[in-house]
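Tertiary structure, described
One letter stands for each residue in the lines below.
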Amino acid sequence: MPELPEVETTRRGIEPHVLGRRIDALLLHEPRLRWPVPGTLPATLAGQRVRAVERRAKYLLLRLARGTLILHLGMSGSLRVLAAGSPRLTHDHLEFLLDSGEVLRLNDPRRFGSCLYTEQDPALHPLLRSLAPEPLEPGFDGDYLFRVTRRRRVAIKLLLLNGRLVTGVGNIYASEALFRARIRPGRAARSLTLAECGKLAQSVRAVLALAVRHGGTTLRDYVHADGTPGYFRQKLFVYERAGLACRRCRTPIRQRVQGARSTYFCPSCQA
Ligand SMILES: [Zn+2]
């Protein structure tokens, strides 16, 4: 599943091709995404220029002359920029034809992605307005984590995955951040000290920033079946390393199921 770093990598990958370009047409090959793409969207978009390419959590925002396109890659989506007329792949559901002669394509085998449009402030859109602070932006720090963990018994790993409290941290990055902060994923959130919250906030930021750096600067680097950037995978300390020696202390990494998802940790590095 594309996580925040992959979405940011995608944003950086498409921006140079899309920014300032006019959308000449939208071809709707398969409108049945997570929410149906409105049949009126091609007419609405035609002729609008892209003024900015932004990201909020895992949503990509294409700011247009009159409104904003809100794109989400869902479980399996990816965006690619190609020369217009390049052969379409199976699951290329949407094509934005640009005045540059290039085409932006949304491919999404599982169709959990979305393409919505609003002419209001996108921050007020139902999908975006209740999003929590972004780890890569000011406001996400030890004080914030300390505040939101105080009365919660839930395991800290599950709290990190809660999109209403922390935005854009998925399974891989939650496991890795907890390893870096030396905190066991099963610890009750409210048992964390202020110092641990500070370390954890810093670790979440570090692991996401590292993943963005290794996400590759081209879209070609981004495409992996599971959405994990290939370069970043080599930097993982615990994720999918069950039974392998901890890179720090050589203790075998353990795997647990938490909230129906696998969690990985080192029993001696993480307390
Ligand atoms: Zn260890």
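Conventions and cut-offs
Residues numbered from 1 in each chain as written. Predicted model: local features only at pLDDT ≥ 70, side-chain atom pairs only at ≥ 80, totals over all residues. Heavy atoms only, no water. pLDDT = per-residue confidence, 0-100. Contact = heavy atoms within 4.5 Å. Phe/Tyr/Trp six-rings, centres within 6.5 Å; stacked < 30°, edge-to-face > 60°. Lys NZ or Arg CZ within 6 Å of the ring centre and 35° of its normal. Donors = N, O, S within 2.8 Å, 3.2 Å for Na, K, Ca; no water. Helix = DSSP H or I, 4+ residues; strand = E, 2+ residues; numbered from the N terminus. Buried < 20%, exposed > 50% of the residue type's maximum accessible area, 1.4 Å probe, protein only. Pairing = 2+ DSSP bridges. Axes fitted to C-alpha atoms, helices over the stretch in contact; angles between N-to-C directions. Polar contact = N/O pair within 3.5 Å; in protein donor to acceptor, adjacent residues only side chain to side chain. Salt bridge = Lys/Arg side-chain N within 4 Å of Asp/Glu carboxyl O. Parallel < 35°, antiparallel > 145°, perpendicular 65-115°, else oblique. Left-handed = near helix turned anticlockwise from the far one by under 90°. Nonpolar A, V, L, I, M, F, W, Y, C, P; charged D, E, K, R; others polar.

Quick notes on the confidence of the model for the chain
On average, the chain scores 90 in pLDDT, and the residues at 70 or more come to 94%. Contacts of residues 216-227 to residues separated by more than four positions or lying in other chains number 24 contacts, the stretch itself having pLDDT below 50.

Brief notes about the packing of aromatic side chains
Using the criterion set out here, one finds 3 aromatic pairs in the structure. Positioned above the aromatic ring of F146 is the side chain of R150, whose terminal nitrogen or guanidinium carbon lies 3.8 Å from the ring centre.

Some details on the coordination of the zinc ion
Around a metal, the perfect tetrahedron of four donors has angles of 109.5 degrees, and the perfect octahedron of six donors has angles of 90 or 180 degrees. Distances from the zinc ion to its protein donors, C246 (SG), C249 (SG), C266 (SG) and C269 (SG), fall at 2.3 to 2.4 Å. For the zinc ion, the single-chain donor residues occur in sequence as C-x2-C-x16-C-x2-C. Taken together, the residues span a long stretch of sequence, with C249 in the loop between α8 (230-233) and β9 (254-258) and C266 in the segment after β10 (261-265) at a distance of 17 residues. Overall, the relative accessible area of 31% leaves C249 in the partly exposed class.

Considerations on the sheet that holds strand β4 (residues 68-72)
Spatially, 4 strands are ordered β2-β3-β4-β8 in an open sheet, and the strand pairing comes out antiparallel. The open sheet is flanked by β2 (50-56) and β8 (114-118), the only strands paired with a single partner. For this sheet the average axis-to-axis angle between neighbouring strands, irrespective of direction, equals 20°. Relative to β4, strand β3 (residues 59-64) runs antiparallel, the two sharing 5 bridges. Across the sheet, the residue bridging to L60 is L71, located in β4. Contacting β2 and β3, helix α1 (residues 4-18) runs over the sheet at an angle of about 175° to β2.

Some thoughts on the side chain of Q48
With respect to the helices, strands and loops of the structure, Q48 is situated in the loop between α2 (41-45) and β2. At 2.9 Å, the side chain of Q48 and the backbone oxygen of T44 are in polar contact. From its side chain, Q48 meets the backbone nitrogen of R66 in a polar contact 2.7 Å long. Those residues in contact with Q48 that lie beyond four places of it in its chain are R21, R22, I23, L64, A65, R66, G67 and Y117.

As for the pairing of β4
Across the 5 residues of β4, 5 count as buried, placing the element largely inside the fold. Residues T68, I70 and H72 point to one face of β4 and L69 and L71 to the other, with burial holding for every one of them. Where β3 folds back on β4, the antiparallel hairpin that results is connected by 3 residues. The pairing of β4 with β8 spans 5 bridges and is antiparallel. Looking across to β8, one finds that L69 is bridged to Y117.

Here we look at the pattern of salt bridges
Note on pairing: side chains with opposite charge can pair once their charged atoms come close. Tallied over the full model, the rule gives 14 salt bridges. For D24, the salt bridge identified is with R22, shortest N-O distance 2.7 Å. Overall, D24 belongs to the partly exposed group, its relative accessible area being 35%. One network of salt bridges, in which partners are shared, links E8, R11, R12, E15, R55, R56 and E134.

What to know about the packing of helix α3 (residues 142-149) against helix α6 (residues 194-214)
Where α3 contacts α6, the two axes come as close as 7 Å, and the packing angle between them is 120°. The pairing of α3 with α6 is recorded here as oblique in orientation. Crossing of α3 over α6 shows right-handed handedness. Here G142, D143, L145, F146 and T149 of α3 lie close against α6, whose contacting residues are L194, C197, G198, L200 and A201. When grouped by side-chain class, the residues that make up the contact of α3 with α6 number 6 nonpolar, 3 polar and 1 charged.

Details of the environment of P267
Position of P267 relative to the elements: it lies in the segment after β10. For P267, a relative accessible area of 16% corresponds to the buried category. Measuring from C-alpha to C-alpha, the distance between P267 and L165 comes to 27 Å, with 102 residues separating the pair along the chain. Aside from chain neighbours lying at most four places away, what touches P267 is R184, T251, P252 and R254.

Topic: the sheet that holds strand β5 (residues 78-83)
Ordered in space as β1-β6-β7-β5, the 4 strands form an open sheet in which the pairing is antiparallel. Two strands lie at the open edges of the sheet, namely β1 (23-28) and β5, each paired on one side alone. Strand-to-strand twist of the sheet, defined as the mean angle between neighbouring strand axes without regard to direction, takes the value 20°. Alignment of strand β6 (residues 92-98) against strand β7 (residues 102-107), held across 5 bridges, turns out to be antiparallel. Within β7, the position partnered with L94 by the bridge is L106. Across the sheet, α1 lies against β5, β6 and β7, angled at about 30° from β5, the strand it touches most.

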